[in-house]
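# Commentary on secondary and tertiary structure
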Amino acid sequence: KDLGFVHRFERGENGAPTLLLLHGTGGDETDLIPLARHVTDGATILSPRGKVSENGMPRFFRRFAEGQFDLEDVAVRADELADFVAAARESYGLPAPVAVGFSNGANIAAVTMLRRAGVLAGAALLRAQPVLVPKEPVDLAGMPVLILSGDRDPIVSDYDSAGLAAVLEAAGADIRHETVSAGHSLTQTDVDLLKGWLAGLS
Ligand code: MLT
């Protein structure tokens, strides 16, 4: 069945988490699978490929330039991703997944949560920034969210990541925000923090 996105699906073990993996710009559906395998035992993995192409590089929504997002496209693409998750849950018989997103994938995860509150059971947002500030109040009461920022990230400033944390916190999410000594790329510290946070969910 066509679920609307090119994707990888790997069924895991009973009792292990179900993860929605969302790659960064220029990645694809295979990118984050080794990371997910490294930080969990037997997770079920749902991993779509972003449908927007920026000079051949897959992304989850359009931008005019770095940090200048096409907000109309963002909304449409987030809803499309939410529909994909719903279709995949039905087709594969899955619970609501926990998103693990990097960079552009983290950004679409945050927007999806803010537009469709029930779609995700939680989210690890790696190098995320605020893209869309909701106009109406959003209820994310108790939703576990991990935000990992890099203190030398040239793309996402401390101000940006703190702003995103504030938006999600205002919606009631249970936020853990850590700033690691890193740039935009992930480090071993990110991997360790992600692993610990995921272990604490179950
Ligand atoms: C974005 O466009 O979503 C962010 O700038 C992160 C990225 O470079 O993909």
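Up top is the structure.
Now for a look at the structure at hand. (Residues numbered from 1 in each chain as written. Predicted model: local features only at pLDDT ≥ 70, side-chain atom pairs only at ≥ 80, totals over all residues. Heavy atoms only, no water.)

### Here we look at the site of the ligand
The full set of residues close to the ligand is Thr25, Arg59, Phe61, Arg63, Phe69, Ser103, Asn104, Asn107, Gln129 and Ile155. Residue Ser103 places a side-chain N or O atom 3.4 Å away from an oxygen atom belonging to the ligand. The separation between an oxygen atom of the ligand and a polar side-chain atom of Asn107 is 2.9 Å. Considering the ligand on its own, with 260 Å² of exposed area, one finds that the protein chains cover 95% of that surface. Of the residues contributing to the shell around the ligand, the split by class is three nonpolar, five polar and two charged. (Near = heavy atom within 4 Å. Polar contact = N/O pair within 3.5 Å; in protein donor to acceptor, adjacent residues only side chain to side chain. Areas by Shrake-Rupley, 256 points an atom, 1.4 Å probe, with all protein chains shown as cover. Nonpolar A, V, L, I, M, F, W, Y, C, P; charged D, E, K, R; others polar.)

### What about the nonpolar core?
Of all hydrophobic cores here, the largest spans 42 residues; its most connected members are Phe84, Met113, Leu125, Leu140, Val145 and Leu168. If you list the elements that add at least two residues to this core, you get strand E2 (18-22), helix H2 (71-92), helix H3 (104-115), strand E9 (122-126), strand E10 (144-150) and helix H4 (158-170). Membership of the second largest hydrophobic core comes to 23 residues, among which are Leu32, Ala36, Ile45 and Trp197. (Core = buried A, V, L, I, M, F, W, Y, C linked by side-chain atoms within 4.5 Å. Buried < 20%, exposed > 50% of the residue type's maximum accessible area, 1.4 Å probe, protein only. Helix = DSSP H or I, 4+ residues; strand = E, 2+ residues; numbered from the N terminus.)

### Remarks on helix H5 (residues 188-201)
Relative to the 20 Å expected for 14 residues at 1.5 Å per residue, H5 spans 20 Å between its end C-alpha atoms, a close match to the ideal helical length. Residues Asp190, Val191, Leu193, Leu194, Trp197 and Leu198 constitute the buried set of H5. Around the axis of H5, the buried residues are gathered within 165° of arc, so they sit on the same side. The exposed set on the far side of H5, more than 90 degrees from its buried face, consists of Ala199 and Gly200. Considering only its buried residues, H5 is in contact with E2, helix H1 (33-39), strand E8 (98-102), E9, E10 and strand E11 (174-180). (Expected span 1.5 Å × (residues − 1). Arc of directions from axis to C-beta. Contact = heavy atoms within 4.5 Å.)

### What about the pattern of salt bridges?
Pairing between side chains becomes possible if they bear opposite charge and their charged atoms approach one another. If you walk through the whole model with that rule in mind, you get 14 salt bridges. The salt bridge partner of Lys51 is Glu80, with a shortest N-O separation of 3.9 Å. Of the two residues, Lys51 is situated in the loop between strand E3 (44-48) and strand E4 (52-54) and Glu80 in helix H2; the sequence distance between them amounts to 29 residues. You can call Glu80 partly exposed: its relative accessible area is 26%. A salt bridge links Glu54 to Arg59, with the nearest nitrogen and oxygen atoms 3.9 Å apart. You'll find Glu54 and Arg59 in the same group, each marked buried. (Salt bridge = Lys/Arg side-chain N within 4 Å of Asp/Glu carboxyl O.)

Purely geometric numbers; function is a separate question.
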